[in-house]
Amino acid sequence: LRTPLTALAGYNELLADQVMGPMTEPQLDVVERMRSVTTHLSAMIEEILAFSSLEEGREMVRPSEFLAEDLVRAAAAVVEPLALQKGLKLEVVLPRASIRMSSDIDKARQLLVNLLGNAVKFTDEGRISVEVQDGDPSSVTFVVRDTGPGISEEDQRRIFDSFVQGAQSAGRAQRGSGLGLSVSRSLARLLGGDVSLRSTPGEGAEFTVRLPR
């Protein structure tokens, strides 16, 4: 899956950089749309591969020590360009004192990137925020909030299931694989934690991640 997609992205870059010759503005616009769809397809493939690996029990936890604030900043840096493209403000809220924790930082970052990216996808105006809370001596809490359309009670009961998307995604130009939240919960549980959701339709959504300190 990755190999032909990498080739496609490479040829797209050649066209966008006009290596093969000059292009008109309408042609460059089409190439940019191709680049956007290729990026979207790449993200979907990565979600499917992550889901497959988790389902088969092939994922290993490789713990290391790091600061919770560094983890959050790294995840926010990945999603911030997507938020800026939509005119959304991305806020990072940190506690006064640094929190040192031991976990698999790559998987924890992927978990937060999934939740932040999902928030950006379904929020058309307002802001996205990620907050680190320090109230439990044995765990660290990360809260991702958005000002999107919210999630109905019916969708909340199945939103973490595989290949499921909420009704608010209907009619959107780019729909995902329906695996982002399922992978997020699987990653959290692999790390000894969990993900929960609180949402009111019309008032946004709040995802809470708790990981062992």
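Residues numbered from 1 in each chain as written. Predicted model: local features only at pLDDT ≥ 70, side-chain atom pairs only at ≥ 80, totals over all residues. Heavy atoms only, no water.

K.L.:
I tried to follow the side chain of T38 on my own but got confused; where do I start?
P.N.:
For T38, the position within the fold is in helix 2 (residues 25-55). At 2.8 Å, the side chain of T38 and the backbone oxygen of M34 are in polar contact. Once you skip the residues sitting within four places of it in the chain, T38 turns out to touch L5, L8 and A9. (Helix = DSSP H or I, 4+ residues; strand = E, 2+ residues; numbered from the N terminus. Polar contact = N/O pair within 3.5 Å; in protein donor to acceptor, adjacent residues only side chain to side chain. Contact = heavy atoms within 4.5 Å.)

K.L.:
Even after reading the chapter, I still don't get the nonpolar core, so can you show me in this structure?
P.N.:
A general trend in soluble globular proteins is that nonpolar side chains are found buried together. If you look at the biggest cluster of nonpolar residues, it comprises 43 residues, and the most contacted ones within it are F142 and F207. Residue assignment for this core shows that the elements contributing at least two residues are helix 2, helix 3 (68-85), helix 4 (105-121), strand 4 (127-133), strand 5 (139-146), helix 6 (180-190), strand 6 (194-199) and strand 7 (205-212). Broken down by element, this core gets its largest block of residues, eight residues, from helix 4. The residues touching F207, leaving out its near neighbours within four places in the chain, are L115, F142, V143, V144, I151, F160, L181, V195, S196 and L197. (Core = buried A, V, L, I, M, F, W, Y, C linked by side-chain atoms within 4.5 Å. Buried < 20%, exposed > 50% of the residue type's maximum accessible area, 1.4 Å probe, protein only.)

K.L.:
Please clarify how the pairing of strand 3 (residues 100-103) should be interpreted in this entry.
P.N.:
Remember that side chains alternate between the two faces of the sheet whenever the strand is regular. Of the two faces of strand 3, the one lined by M101 and S103 is fully buried and the one lined by R100 and S102 carries no buried residue. The pairing of strand 1 (residues 64-67) with strand 3 spans four bridges and is antiparallel. Opposite S64, over in strand 3, you have S103 as the bridge partner. (Pairing = 2+ DSSP bridges.)

K.L.:
What is the right way to look at the sheet that holds strand 2 (residues 89-93) in this model?
P.N.:
Each strand in a sheet pairs with another by means of backbone hydrogen bonds, the pair being arranged parallel or else antiparallel. Judged by pairing direction, the sheet is mixed, and its five strands sit side by side in the order 2-4-5-7-6 without closing on themselves. A single partner strand is all that each edge strand has here, and the edge strands are strand 2 and strand 6. For this sheet the average axis-to-axis angle between neighbouring strands, irrespective of direction, equals 15 degrees. (Axes fitted to C-alpha atoms, helices over the stretch in contact; angles between N-to-C directions.)

K.L.:
Mind showing me how you'd approach the pattern of salt bridges here?
P.N.:
Between side chains of opposite charge, pairing is possible as soon as their charged atoms come close. Per the stated rule, a full pass over the model turns up 17 salt bridges. Measuring nitrogen to oxygen at the nearest pair gives 2.7 Å for the salt bridge that ties R35 to E13. Of this pair, R35 sits in helix 2 while E13 is found in helix 1 (residues 2-16), placing the two residues 22 residues apart along the sequence. Here R35 falls in the partly exposed class, since its relative accessible area comes to 26%. A salt bridge links R145 to E131, with the shortest nitrogen-to-oxygen separation between them at 2.9 Å. One end of the pair, R145, is in strand 5; the other, E131, is in strand 4, and 14 residues separate them in sequence. When its relative accessible area of 28% is taken as the criterion, R145 is described as partly exposed. Each member of the salt-bridge network shares a partner with another, and the members are E131, R145, R198 and E206. (Salt bridge = Lys/Arg side-chain N within 4 Å of Asp/Glu carboxyl O.)

K.L.:
Looking at this model, I keep getting lost on helix 3. Mind explaining?
P.N.:
Side chains that are three or four residues apart share a direction in an α-helix, a result of its 3.6 residues per turn. For helix 3, which comprises 18 residues, the first-to-last C-alpha distance of 27 Å matches the rise-based estimate of 26 Å (1.5 Å per residue) to within 8%. Helix geometry: helix 3 is bent most strongly at V79, by close to 40 degrees, with proline P81 lying one to four residues after it. Looking at the buried positions of helix 3, the neighbouring elements they touch are strand 1, strand 2, strand 3, helix 4, strand 4 and strand 5. Once helix 3 finishes, G87 follows within two positions and takes phi at roughly 75 degrees, a positive value. (Expected span 1.5 Å × (residues − 1). Bend = angle between axes of the 7 residues up to and from the residue.)

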